[in-house]
Amino acid sequence: MPMLWHCRPLSVWLPDLTSNSISLFPDSVSGFDMFSELIASLWTQLLVLLRPMLKWILRKVTGKCQLLRITYEEQPGSKQTKRIEKSLRESKSSALKELSRGDRVDVDEAVKNVIHQKDIVVDIHTKFEETLRRCLTYISGFNNLEALVEGHRKVKYSTANPEHEAKLLKLWELYKPGTKLQSRQCAQWGELGFQGNDPATDFRGMGMLGLDQLLYFAEKYGDEALNALSKSSHPKHGFSFAIVGINITELQYTLMTKRKLRTHFYNLHNPRPSMDAYHEVYCYLMSEFTKFWFKEKPKDIMEFSRIREKFRRHIISLLKDPKTTLKTDFQQQ
């Protein structure tokens, strides 16, 4: 078991980051960011206007619809799946649009309909059917996972629910093995980085998702979780472990709802990821944020917002690489 440093709990200096009003993103943006967003917006509008004409020209020149061209131009992976998804989403056909949003798509039936609607000769374009089926399975799988995550987040922690209370006590046992909790509500929770005597109040922003992710980290990767907790108690660069953990839950949730995590999930072997697959990303983020925090060597806990935002940008930059999967060494074992 890693050695713990003993210092004053840092939650007293950390602002309440778990309420519904908290956002991961600063309200102010730089002039450069505003200008970049304006240019991007104008370019997007121009492409929207020109897209139908460009599609018509390409189809006449190549003799292939856009979906078919993508299967020839891209190799299997997140880039191909994203392009197929984008093509479906921007289609004039409401049925095709729905394929990019649905979480319970009958993939086999959908493939047949697309082949018929686009008049694809599968005897000539032999890879099209397999490629479209694979991409639709990944797209539907991601949409289904997003719905599962949202449902999980909406489950509020209730002190009247015995299952919720049991999970909270298990959290203490996993992160503080051998240390008896004096009572359900007490100052000891500060040793895990909660803000008060009753940690239930800290889960109001992310609901049971925040608690279950902290639990998953300790249950699946106990040594790594205890190591992160130990480092969070550093006398100079420490942070409130549980509150940061809940913030990482919010960060991941935001990346999910903004569909940034498609890169990762579209590169996994399983096209229908479960909540465990989602929690694996959380374990990666918790581990990497701990390293990132100490690399930044913050002067005090008030630098948390700056470092959190820098970390968010770092993760987004990684996800821009179409080959990215968010996994670290201890998850490869």
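Above this note sits the structure.
Novice: Help me understand the nonpolar core, please; the structure alone is not making it clear to me.
Specialist: One recurring pattern in soluble globular proteins is that nonpolar side chains are buried together. Residues Y175, F217, I248, L261, F265 and Y278 are the most contacted members of the largest nonpolar core, which totals 85 residues. Top contributing element to this core by residue count: helix α12 (residues 275-296), with 12 residues. For Y175, the residues in contact, after removing those within four places along its chain, are L192, L214, F217, A218, A225, L226, L229 and F241.

Novice: I would appreciate a short explanation of unusual backbone geometry in the present structure.
Specialist: Outside of glycine, negative phi angles account for most residues, and trans bonds account for most peptide bonds. A positive phi angle is found at D119, which is not glycine, with a value near 55°. When you line up the elements, D119 lands in the loop between α5 (107-117) and α6 (128-153). For D119, a relative accessible area of 63% puts it in the exposed group. Located in the positive-phi region is K297, a residue other than glycine, with phi close to 50°. Counting through the fold element by element, K297 comes out in the loop between α12 and α13 (304-319).

Novice: Looking at this structure, how should I read the side chain of T328?
Specialist: Mapped onto the elements, T328 comes out in the segment after α13. Residue T328 is classed as buried on the basis of its relative accessible area of 9%. Within the local environment of T328, its side chain forms a polar contact with the side chain of E288, the two groups lying 3.5 Å apart.

Novice: Could you clarify how one ought to interpret the pattern of salt bridges in this entry?
Specialist: By the definition in use, this model includes 25 salt bridges. Of the charged contacts, one joins E85 and R259 as a salt bridge, the two residues approaching to 2.7 Å between their closest N and O atoms. Here E85 is found in helix α3 (residues 78-89), whereas its partner R259 is found in the loop between α10 (241-257) and α11 (262-266), with 174 residues between them in sequence. The residue K86 makes a salt bridge to E90 at a minimum N-O spacing of 3.0 Å. Taking relative accessible area as the criterion, K86 reaches 40% and is therefore assigned partly exposed. Ionic contacts of the salt-bridge type, sharing partners, join the residues E73, E74, K79 and R83 into one network.

Novice: Explanation requested: α10 in the structure shown.
Specialist: What sets the pattern is the α-helix's 3.6 residues per turn: residues three or four places apart point alike. An ideal rise of 1.5 Å per residue puts 24 Å on 17 residues; α10 measures up with 24 Å between its terminal C-alpha atoms. Most of α10 is tucked away, with 16 of its 17 residues classed as buried. With its phi angle positive at about 65°, R259 sits one or two positions after the end of α10.

Novice: Is there a simple way to think about a nonpolar patch on the surface in this case?
Specialist: Taken together, L38, I39 and L42 make up a surface patch of nonpolar side chains, about 270 Å² in accessible area. Tracing the backbone shows L42 in helix α1 (residues 31-62).

Novice: Explanation requested: the packing of aromatic side chains in the structure shown.
Specialist: The relation between two aromatic rings is expressed through the spacing of the ring centres and the mutual angle of the planes. Counted according to the given criterion, the structure contains 17 aromatic pairs. Seen in terms of ring centroids, Y221 and F330 are 4.8 Å apart; in terms of plane orientation they differ by 70°. Their pairing is edge-to-face. In this pair, Y221 sits in the loop between α8 (207-220) and α9 (222-232) while F330 sits in the segment after α13, placing the two residues 109 residues apart along the sequence. When sorted by exposure, Y221 lands in the same class as F330, which is buried. A ring pair is formed by F239 and F294, whose centres lie 6.5 Å apart and whose planes are at 55°; its orientation type is tilted. Taken together, the residues span a long stretch of sequence, with F239 in the loop between α9 and α10 and F294 in helix α12 at a distance of 55 residues. Taken together, the ring pairs in this structure connect F239, F289, F292, W293, F294, F304 and F311 into an aromatic cluster.

Novice: I tried to follow the packing of α12 against α13 on my own but got confused; where do I start?
Specialist: A pair of packed helices can be characterised by two numbers: the angle between their axes and the separation between those axes. Where α12 meets α13, the closest approach of the two axes is 10 Å, and the angle between their N-to-C directions is 125°. For the element pair α12 / α13, the angle class is oblique. α13 is crossed by α12, and the crossing has right-handed handedness. Facing Y284, L285, E288, F289, F292, W293 and E296 of α12, the residues of α13 in contact are F304, R306, I307, R308, K310, F311, H314, I315 and L318. Here the contact of α12 with α13 is composed, by residue class, of 10 nonpolar, one polar and five charged.

Novice: Which parts of the structure should I look at to understand the packing of α6 against α10?
Specialist: It is the contact of α6 with α10, at a shortest axis distance of 10 Å, that shows an interaxial angle of 140°. Compared by their axis directions, α6 and α10 come out oblique. In this structure, α6 meets α10 at a crossing whose hand is left-handed. For the pair α6 and α10, contact is made by F142, L145, E146, V149, E150 and R153 and by Y253, M256 and T257, respectively. The residue inventory of the contact of α6 with α10, partitioned by class, reads five nonpolar, one polar and three charged.

So, how was this worked out
Starting from 1, residues in each chain are numbered consecutively following that chain's sequence as written. In keeping with the predicted nature of the model, local features appear solely for residues at pLDDT of at least 70, side-chain atom pairs appear and are counted solely at 80 or more, and the whole-chain, interface and lining totals rest on all residues. To obtain the side-chain values, all non-hydrogen atoms of the structure were included, while hydrogens and water were left out. Think of a nonpolar core as a cluster: buried Ala, Val, Leu, Ile, Met, Phe, Trp, Tyr and Cys residues, connected wherever their side-chain atoms sit within 4.5 Å. With a 1.4 Å probe rolled over the protein chains alone, any residue whose accessible area is under 20% of its type maximum counts as buried; one over 50% counts as exposed, and the rest are partly exposed. Starting at the N terminus, helices and strands are each numbered in turn, a helix being any DSSP run of H or I of at least four residues and a strand any DSSP run of E of at least two. Any two residues whose heavy atoms approach within 4.5 Å are treated as being in contact. Each polar contact in these results corresponds to two N or O atoms within 3.5 Å; when the atoms are within protein, one needs to be able to donate a hydrogen and the other to accept it, and residues that are neighboring in sequence are counted only if both atoms are side-chain atoms. Throughout this description, the term salt bridge denotes a Lys or Arg side-chain nitrogen within 4 Å of a carboxyl oxygen of Asp or Glu. A helix's residues, less one, multiplied by 1.5 Å, set its expected span. Only residues whose relative accessible area exceeds 30% and that take part in no salt bridge are eligible for patches, with like-charged residues grouped when within 9 Å of each other and nonpolar side chains (Val, Leu, Ile, Met, Phe, Trp, Tyr) grouped when within 5 Å. Shrake-Rupley sampling with a 1.4 Å probe provides the accessible areas, and residues are treated as covered by the protein chains on show and by no other component. Two rings belonging to Phe, Tyr or Trp (six-membered ring only in the last case) form a pair when the distance between their centres is within 6.5 Å. Interplanar angles under 30 degrees mark stacking, angles over 60 mark edge-to-face geometry, and anything in between is tilted. Note on geometry: axes are lines fitted to C-alpha atoms, helical ones only across the stretch in contact, with angles between N-to-C directions running from 0 to 180 degrees. Any angle between 65 and 115 degrees counts as roughly perpendicular, while under 35 counts as roughly parallel, over 145 as roughly antiparallel, and the rest as oblique. Here a crossing is called left-handed whenever its near helix is offset anticlockwise from the far helix by less than a right angle, and right-handed whenever the offset is clockwise. Residues are grouped as follows: nonpolar covers Ala, Val, Leu, Ile, Met, Phe, Trp, Tyr, Cys and Pro; charged covers Asp, Glu, Lys and Arg; every other residue, Gly included, is treated as polar.

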